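Examining the three-dimensional arrangement
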Amino acid sequence: MAINAPEGTRDLLPDEALFWNQFKQTAAEVFGAYGYLPIETPIMEQTELFVRGIGEATDVVSKEMFTAISGENLRRWVEEGKAPKAKSRLSLRPEGTAGVVRAVVENNLVPQGATPFKAYYAEAMFRGERPQKGRLRQFHQVGIEWLGAPDPAADAEGIIMLMEFYQRLGFDLSKLRLLINSMGDPACRPAYRDAVRSFILDHADEMCDECRERAEINPLRAFDCKNERCHEVMQGAPLMRDNLCDECRDHYEQVKRYLDAAGIAYVEDPTLVRGLDYYTRTVFEVEAPGAGVGSIGGGGRYDGLVELEGGKPTPGVGFAVGFERAMLALEAFGVDPASDAPSCIYVANAGAELRGEVFALCAELRAAGLRVKLDESEQSPGWKFAEYEMKGVPLRLELGPKDIEQNQCVLVRRDNGEKSFVSLDSLVESANTLMDAVHDGMYAKAKRNLDENIYDAFTLEEAKRLQQEHGGFIRTMWCGDEACEIRMKEEAGMTSRCIPFAQQHLADTCAICGKPAKKMIYWGVAY
């Protein structure tokens, strides 16, 4: 019987693994521009770290953590009743913040008077949740932590950077929804927790068993309950925004002013609470409505976590973005998240008698910095060439016995099939020249095809007519309203759209509804 991947886990096959690499590279570029440096922490930490930092009453700690002990400690526990010592009780990390904060405290990365510490990570996380779409037991996140920055500008900068990251991934920000709230601080939240607790107890007969239990442990989590009746009841619960102290209210208002100044659209959600106990003041979450995956990222401020983990009082703010959910959301919005593999030369199998010569040529090309894919299969040449075409390799190298005698080989261009006989002595130089020529030729061809098949439309009826007569791309002005997008797709048969970075002003009004236009957009049909 074949052994499959554990339930709730999945393999990142080459296409997705390439996108994960692109995801991490985009994070490094965006976060690096704000002064963040990479950090990696162990995949396991002492269980107590998460219990203390995340909160014993949270679902993450109480239900979802994968805890591990060595085989010998397990034997002693079972056979001799000797429970492992705290330092031997380990858990796979369910989130990234606690480990980074532990590293900061342990290595004294924010000493008194030092500049704030800014780091980003890209790691696998583990939670024992019920597997479903966008919810895995092993998943991947990129995230940032900024320690030592108490100013509300840090909260706003983190949110601005997060939205920039989504845009760089290919998201249309108008399709995302940024939720923000303030959870108060130790000065004002305890009284608010008591008020919510009293509300739950007053409505106990209408609440589920879990919410009644939460009332005694962490009443704010009742806002997150998936039970429809509980959700209805909690609509009448006291709200944190009405119970903020002056300092927390001022902090929150300043965050909003920074976001407004930066042009970041947001929705205030007074019921938004994050699932981890360490959050204080600003919290935020990004949703992808219509994608069917829930939240695709979020974070907030955690001014008491460093002290909780044994360090000196140090303010902090951070966020995390789920890779798998972001990928699903992009696909749901019609954006192909696939990342092309780097260009390489395909070297056809010349047969066993020339294997040594081919092997040496491949080594020479690789030593010169070129990527080479050597076919060592037993397939026929015809099959190999078809496979080469499918994989989009820009250049193919062919070598036969006569070529060896003449100290040459054949390089075949993908874009036009042109063959070049080149000397083996100048193979590296010739390969580089042809690779550049293929790329330039393919780009020019794609641009020419695009330019020859773009039609400008100023009304919906005109867009419908042009699509029926010519196909290609229809270029219009658009107000940004999702209703207009739906109408264009339904009435004109469009299935995809693209908002170019280089904007042109075609008209003052939206071609679909006639309202003031915000941007130029390309419409098309994906085949």
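Above: the structure in question.
Nothing here was measured: the structure is a model prediction, and the numbers come from that model.

1. A few points about the sheet that holds strand β19 (residues 496-498)
The strand order β17-β18-β20-β19 describes an open sheet built from 4 strands, whose pairing is mixed. Edge strands, defined here as strands with exactly one partner in the open sheet, are β17 (454-456) and β19. Pairwise comparison of adjacent strand axes, ignoring direction, gives a mean angle of 35° for this sheet. Two strands pair when backbone bridges link them, and β17 and strand β18 (residues 473-478) are joined in this way by 3 bridges, in the parallel orientation. Bridging from a neighbouring strand, Asp 456 pairs with Arg 475 of β18. Against the sheet, helix α17 (residues 460-470) touches β17 and β18, its axis set at about 155° to β17.

2. Focus on the pattern of salt bridges
On inspection of all chains with the given rule, the structure shows 28 salt bridges. When the shortest N-O distance is used, the salt bridge between Arg 76 and Glu 72 registers 3.3 Å. With a gap of 4 residues between them, Arg 76 and Glu 72 both fall in helix α4 (residues 71-80), about one helical turn apart. Accessibility expressed as a relative area gives 37% for Arg 76, which makes it partly exposed.

3. A word on the environment of Met 207
Looking at where Met 207 falls in the secondary structure, it is placed in the loop between α7 (189-202) and α8 (209-217). Here the alpha-carbon distance between Met 207 and Asn 227, two residues 20 residues apart in the chain, equals 8.6 Å. Filtering out sequence-adjacent residues up to four positions away, Met 207 remains in contact with Ile 200, Arg 212, Cys 230, Val 233 and Met 234.

4. Considerations on helix α2 (residues 47-54)
Of all the positions in α2, only Thr 47, Leu 49, Phe 50, Gly 53 and Ile 54 are classed as buried. All buried residues of α2 lie within an arc of 160° about the axis, which places them on one face of the element. Among the structural elements, β2 (44-46), α3 (59-64), β3 (67-68), β4 (90-92), α5 (97-106) and α11 (305-308) are those in contact with the buried residues of α2. Just beyond α2, the residue with positive phi is Gly 55, at close to 115°.

5. Some points on the sheet that holds strand β7 (residues 177-182)
With mixed pairing, the 8 strands of this open sheet are ordered in space as β1-β5-β6-β11-β10-β9-β7-β8. In the strand order of this sheet, the two ends are held by β1 (37-38) and β8 (267-268), each with one partner. Looking at chain direction, β7 and strand β9 (residues 280-287) are connected through 6 bridges and run antiparallel. Among the inter-strand pairings, Leu 179 is bridged to a residue of β9, identified as Glu 285. Here helix α10 (residues 246-262) sits on the sheet and contacts β7, β8, β9 and β10 (295-301); the angle it forms with β7, its principal contact strand, is near 160°. The strands touched by helix α12 (residues 323-332) within the sheet are β6 (138-147), β10 and β11 (316-322), with β11 carrying the most contacts at an inclination of about 55°.

6. Remarks on unusual backbone geometry
Not every positive phi belongs to a glycine, and Asn 108 is a case in point at roughly 50°. Secondary-structure assignment places Asn 108 in the loop between α5 and β5 (117-126). For Asn 108, a relative accessible area of 52% corresponds to the exposed category. Unusually for a residue other than glycine, Arg 281 sits at a positive phi of about 55°. Using a relative accessible area of 12% as the deciding quantity, one classes Arg 281 as buried.

7. Remarks on the side chain of Arg 475
With respect to the element layout, Arg 475 can be found in strand β18. At a separation of 2.7 Å, a polar atom in the side chain of Arg 475 contacts the side chain of Asp 456. In contact with Arg 475, other than residues within four places in its own chain, are Ile 454, Tyr 455, Asp 456, Ala 457, Gln 504, Leu 506, Met 520, Ile 521 and Tyr 522.

8. Quick notes on the packing of aromatic side chains
Two descriptors summarise a pair of aromatic rings, namely the distance from one centre to the other and the angle between the planes of the rings. For the structure shown, the criterion picks out 15 aromatic pairs. Ring centres of Phe 31 and Tyr 120 lie 6.1 Å apart, and the angle between their planes is 65°; this geometry places the pair in the edge-to-face category. Highlighted residues: Phe 31 in helix α1 (residues 14-32) and Tyr 120 in strand β5, separated in sequence by 89 residues. The rings of Phe 19, Trp 20, Phe 23, Phe 31, Tyr 120, Phe 165, Tyr 166, Phe 171, Phe 319, Phe 323 and Phe 333 are connected pair by pair, giving a single aromatic cluster.

9. Looking at the packing of α17 against helix α18 (residues 482-492)
For the pair α17 and α18, the least separation of the axes is 10 Å and the interaxial angle reads 40°. It follows from the interaxial angle that α17 and α18 lie oblique. For the element pair α17 and α18, the recorded crossing hand is right-handed. In this structure, α17 uses Leu 460, Ala 463, Lys 464 and Gln 467 to contact α18, whose residues at the interface are Arg 487, Met 488, Glu 491 and Ala 492. By residue class, the composition of the contact of α17 with α18 is 4 nonpolar, 1 polar and 3 charged.

10. Some remarks on the nonpolar core
With 51 residues, the main nonpolar core has Leu 147, Phe 223 and Met 234 as its most contacted residues. When residues in this core are grouped by element, the largest group, 5 residues, is from α5. The residues touching Phe 223, leaving out its near neighbours within four places in the chain, are Tyr 192, Val 196, Met 234, Ala 237, Pro 238, Thr 271 and Val 273. If you look at the next biggest cluster of nonpolar residues, it comprises 44 residues, including Phe 19, Ile 144, Met 161 and Met 327.

Rules and cut-offs
- Residues numbered from 1 in each chain as written.
- Predicted model: local features only at pLDDT ≥ 70, side-chain atom pairs only at ≥ 80, totals over all residues.
- Heavy atoms only, no water.
- Pairing = 2+ DSSP bridges.
- Helix = DSSP H or I, 4+ residues; strand = E, 2+ residues; numbered from the N terminus.
- Axes fitted to C-alpha atoms, helices over the stretch in contact; angles between N-to-C directions.
- Contact = heavy atoms within 4.5 Å.
- Salt bridge = Lys/Arg side-chain N within 4 Å of Asp/Glu carboxyl O.
- Buried < 20%, exposed > 50% of the residue type's maximum accessible area, 1.4 Å probe, protein only.
- Arc of directions from axis to C-beta.
- Polar contact = N/O pair within 3.5 Å; in protein donor to acceptor, adjacent residues only side chain to side chain.
- Phe/Tyr/Trp six-rings, centres within 6.5 Å; stacked < 30°, edge-to-face > 60°.
- Parallel < 35°, antiparallel > 145°, perpendicular 65-115°, else oblique.
- Left-handed = near helix turned anticlockwise from the far one by under 90°.
- Nonpolar A, V, L, I, M, F, W, Y, C, P; charged D, E, K, R; others polar.
- Core = buried A, V, L, I, M, F, W, Y, C linked by side-chain atoms within 4.5 Å.

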